[in-house]
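# Overview (structure and organization)
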Amino acid sequence: SAFPSPTHSILLIKERAVALCSIVAPVSSLAASVQNITMGVPAGPKLDFVGASETIITVSFNPLNSHDQYVLQWKEYHQKWETDGQSKKMNSTEMTKTGNGKIQTNIEGLNPGATYTVRLRVLAEESSSEAGKASPELIIDTEAVSCTPKPSCIIL
C-alpha cells in the first residue's frame with residue numbers, strides 16, 4: 001500500500017523523537033551550564049527612594065543574606081553608563097542599618113535641578129569587579145536652586 005501501517009508510523013515518530021531529543025539535550029545542558037556561570041552573582045536588590053536635595057540623593061535597600069559587597073551606580077539621565085557612570089562600593093557589614101534592617105546611603109556632589117538614574121549591583125565575594133545584573137533603575141530629580149529668600153524672624 002502507499003501509506004505506512006500505523007505501527008510503522010509510530011516507530012518513525014519514536015525514532016525522530018529520540019533523534020530530536022539527542023540533539024536538544026546537549027543544547028539544554030549547555031544552556032544550564034551557561035546560566036550557572038552567569039547566575040553566580042544575583043541581581044541587585046530593589047532600591048527605594050528616600051529623599052533628594054539640591055546636591056544629594058538618598059536611597060535605601062534590603063541587603064541580601066548571601067552577599068555583602070555592593071556597588072551603587074548613578075549617572076545623569078541623558079548620559080551613558082559605559083562612559084559617564086559613577087559609582088561607590090559598599091560593604092553591608094560595615095554600614096549602619098535602619099530600624100527595619102535596610103541600608104541607607106547618600107550620593108553626594110550632584111548637580112542641582114538635574115535628573116539622575118540610579119541602580120545597584122551585587123559584587124561577587126571573591127572579586128571587586130564581577131557584578132550581577134543591575135537592580136531596576138530609579139529616575140530621580142535633584143531640587144533646583146531656589147532664589148526665594150528663606151523665611152526669617154525680624155525683631156523690630
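If you're wondering where the values come from, they're calculated on a predicted model, not measured in any experiment. (Residues numbered from 1 in each chain as written. Predicted model: local features only at pLDDT ≥ 70, side-chain atom pairs only at ≥ 80, totals over all residues. Heavy atoms only, no water.)

### Looking at the sheet that holds strand β7 (residues 138–141)
The pairing of strands in a sheet happens through backbone hydrogen bonds and is either parallel or antiparallel. Read across the open sheet, the 4 strands follow the order β4-β3-β6-β7; overall the sheet is antiparallel. Two strands bound the open sheet, and with one partner strand each, they are β4 (86–91) and β7. The average undirected angle you get between the axes of adjacent strands in this sheet is 25 degrees. Both strand β3 (residues 69–76) and β4 contribute to a ladder of 6 bridges, which runs antiparallel. When the sheet's bridge partners are listed, Val71 is paired in β4 with Lys89. (Pairing = 2+ DSSP bridges. Helix = DSSP H or I, 4+ residues; strand = E, 2+ residues; numbered from the N terminus. Axes fitted to C-alpha atoms, helices over the stretch in contact; angles between N-to-C directions.)

### Describing the environment of Leu138
Position of Leu138 among the secondary structure elements: in strand β7. Judged by relative accessible area, Leu138 falls into the buried class, the value being 19%. For the pair Leu138 and Tyr116, spaced 22 residues apart in sequence, the C-alpha to C-alpha distance is 8.0 Å. When residues no more than four places from it in sequence are discounted, the contact partners of Leu138 are Leu47, Asp48, Phe49, Val59, Tyr116, Thr117 and Val118. (Buried < 20%, exposed > 50% of the residue type's maximum accessible area, 1.4 Å probe, protein only. Contact = heavy atoms within 4.5 Å.)

### Some thoughts on the sheet that holds strand β5 (residues 103–107)
Strand order in the open sheet formed by 3 strands is β1-β2-β5, and the pairing between neighbours is antiparallel. Of all strands in the sheet, those with a lone pairing partner are β1 (48–52) and β5, marking the two edges. In this sheet, adjacent strand axes meet at a mean angle of 25 degrees when their direction is disregarded. One ladder, built from 5 bridges, connects strand β2 (residues 57–61) with β5; its direction is antiparallel. Note on β5: the bridge partner recorded for Thr58 is Asn106.

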